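The chain contents come next:
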Amino acid sequence: MDATVRSRETALAAARCIDAHKAEDTVVLALGEHSQVADYFVIATARSSTHLAALARELFEALRAEGVRPLNRHRHAVASGWLLVDCGDVVVHLMEREQREFYDLERLWFRAARVPYSSKSS
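Residues numbered from 1 in each chain as written. Predicted model: local features only at pLDDT ≥ 70, side-chain atom pairs only at ≥ 80, totals over all residues. Heavy atoms only, no water.

1. Some words on the packing of aromatic side chains
Counted according to the given criterion, the structure contains three aromatic pairs. A centroid spacing of 5.7 Å and a plane angle of 80° characterise the contact between Phe-41 and Trp-109, whose relative ring orientation is edge-to-face. Residue Phe-41 is located in strand 2 (residues 40-46), and its partner Trp-109 is located in the loop between helix 4 (105-108) and strand 5 (113-114); the two are separated by 68 residues in the primary sequence. Aromatic side chains Phe-102 and Tyr-103 sit 4.9 Å apart centroid to centroid with 85° between the ring planes, which places their arrangement in the edge-to-face category. You can call Phe-102 exposed: its relative accessible area is 66%. (Phe/Tyr/Trp six-rings, centres within 6.5 Å; stacked < 30°, edge-to-face > 60°. Helix = DSSP H or I, 4+ residues; strand = E, 2+ residues; numbered from the N terminus. Buried < 20%, exposed > 50% of the residue type's maximum accessible area, 1.4 Å probe, protein only.)

Take a look at the structure:
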């Protein structure tokens with residue numbers, strides 16, 4: 001599988017996973033043409049720090065099942081209200097509402113296209 005397709009599939013799988021576990025306002029942004037940092041950002045809101053920790057656990061399990069090993073594992077980041085999961089070409093941002101509104105990553109990366117996804121299929 002080509003690296004670009006693999007990155008897209010990883011981003012969509014991450015979005016589906018966190019969406020299935022009640023994350024709010026999940027967005028997938030295609031950054032490939034606008035950044036060398038990553039090809040995709042997945043951004044979602046958690047309802048509380050407990051929900052954020054649960055989303056992180058589910059996400060790490062889902063990524064492992066996809067054969068993706070995140071480059072980081074920030075165990076204490078949940079206390080900050082923002083957990084960043086770096087999967088190389090895909091970066092997942094799990095944030096509590098206050099952090100999401102303050103940092104407003106969608107506005108920062110406004111040129112990036114939103115990638116539609118569904119809980120059932122890509």
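2. Thoughts on helix 2 (residues 49-65)
Here helix 2 spans 24 Å end to end across 17 residues, near enough to the 24 Å set by a 1.5 Å rise per residue. Among the residues making up helix 2, those that are buried are His-51, Leu-52, Leu-55, Ala-56, Leu-59, Phe-60 and Leu-63. In this structure, the buried residues of helix 2 make contact with helix 1 (3-20), strand 2, strand 3 (82-86) and strand 4 (90-96). A positive backbone phi angle near 80° is found at Gly-67, which sits one or two residues after helix 2. (Expected span 1.5 Å × (residues − 1). Contact = heavy atoms within 4.5 Å.)

3. With respect to the pattern of salt bridges
Scanning the entire structure with this criterion turns up four salt bridges. Ionic pairing is found between Arg-97 and Glu-24, a salt bridge with its closest N-O pair at 2.5 Å. A residue pair is termed long-range when its members are at least 10 positions apart, and Arg-97 in helix 3 (residues 97-103) and Glu-24 in strand 1 (residues 24-30) qualify at 73 residues. What makes Arg-97 partly exposed here is its relative accessible area of 36%. On the basis of relative accessibility, which here comes to 26%, the residue Glu-24 falls in the partly exposed class. Shared partners join several salt bridges into a network, and the residues in it are Glu-24, Asp-25 and Arg-97. (Salt bridge = Lys/Arg side-chain N within 4 Å of Asp/Glu carboxyl O.)

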